[in-house]
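# Architecture and fold: a report
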Amino acid sequence: NLIKPLARVFTSLLTYPMDWANAFWTQTHWLTIVAGITALGWFIGGTGYAVLGLIGMIFVLATGYWVEGMRTLALVTVSVPLALIAGAATGILANEIPRLKPAVQATLDVMQTVPTFAYLTPLLVLFGFGPVVGLIASAIYAAPPMARNVLLGLERVEPDIKEAAVMSGGNRIQQLFLVELPSAKAQIMVGVNQCLMAALSMVIIAAVIGGFDDIGWEVLLTMRKAQFGPSLLAGFVIVVFAVIIDRM
């Protein structure tokens, strides 16, 4: 009896960042967004990434799914940080308390092997119906890869590095955040990448309970109507987002 009201309060709190992200992406002029992503690509990787961002976003605009695509980006903007924080916290906790590691790994195994549709019913009962529920579903699905990679990265930090951190006189928090996590950066970034891809792959499934007029809903709707062309085109929009985010 207590869990459901708490879940609904959590849903209400997440409504605010979701609304802000949605307002930003949908109300900002398309030219500004295209220019911003092109400039970001130039800053990150030079001409190649700038061209990738420009062509990709122009393609999204040309499909006629610009607003729906921006709503999907709003969902990703909120769900991915949520999944990254939850996943990183879980990985760090399992590393710091070794006796919890088997339970955490077993839980992550279950989360990654249970069919994605199995998430929907309990989430619907606890959190209700709406865009925020789709956001929560995406975050839950995307968190395990981050947790696994953070834990793996921390386990692979060389013993000599850990000993040097101890000998330098740092406390446990300093050792973790100033030495071990930076040393595990490469593995952690793999987790960030996988988390992003998992969140994007979940948008169509989340549309079932999200009731959000985003690109995932467009794919679902056109599939139900057996409209192969529009369904494929909407799916390509998700692919374009995935490629741009993955590369950058």
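For the structure given in this document, a descriptive report is provided here. (Residues numbered from 1 in each chain as written. Predicted model: local features only at pLDDT ≥ 70, side-chain atom pairs only at ≥ 80, totals over all residues. Heavy atoms only, no water.)

## Description of the packing of aromatic side chains
- For the structure on display, the rule yields 2 aromatic pairs.
- Pairing F24 with W25 gives two aromatic rings, centres 5.2 Å apart and planes at 80°, and the pair type is edge-to-face. (Phe/Tyr/Trp six-rings, centres within 6.5 Å; stacked < 30°, edge-to-face > 60°.)

## Brief notes about the nonpolar core
- The biggest cluster of nonpolar side chains holds 62 residues, and the ones touching the most others in it are M57, M70, L123 and F241.
- Residues within four places of M70 in sequence aside, it is in contact with W25, T26, I33, M57 and F241.
- Residues A94, L108, A147 and L151 belong to the second largest nonpolar core, which totals 5 residues. (Core = buried A, V, L, I, M, F, W, Y, C linked by side-chain atoms within 4.5 Å. Buried < 20%, exposed > 50% of the residue type's maximum accessible area, 1.4 Å probe, protein only. Contact = heavy atoms within 4.5 Å.)

## So, the environment of V67
- Structurally, the position occupied by V67 is in helix α4 (residues 66-96).
- Looking at V67, the relative accessible area reads 38%, which means it is partly exposed.
- Once the C-alpha coordinates of V67 and A106 are considered, the two residues, 39 residues apart in sequence, prove to be 40 Å apart. (Helix = DSSP H or I, 4+ residues; strand = E, 2+ residues; numbered from the N terminus.)

## Examining the packing of helix α1 (residues 3-27) against helix α6 (residues 120-127)
- Relative to each other, α1 and α6 sit at 85°, their axes nearing to 7 Å. On the basis of the axis angle, α1 is roughly perpendicular to α6. Contacts from I3, K4, A7, R8, F10 and T11 of α1 reach α6 at L124, V125, L126 and F127.
- Grouping the amino acids of the contact of α1 with α6 by side-chain chemistry returns 7 nonpolar, 1 polar and 2 charged. (Axes fitted to C-alpha atoms, helices over the stretch in contact; angles between N-to-C directions. Parallel < 35°, antiparallel > 145°, perpendicular 65-115°, else oblique. Nonpolar A, V, L, I, M, F, W, Y, C, P; charged D, E, K, R; others polar.)

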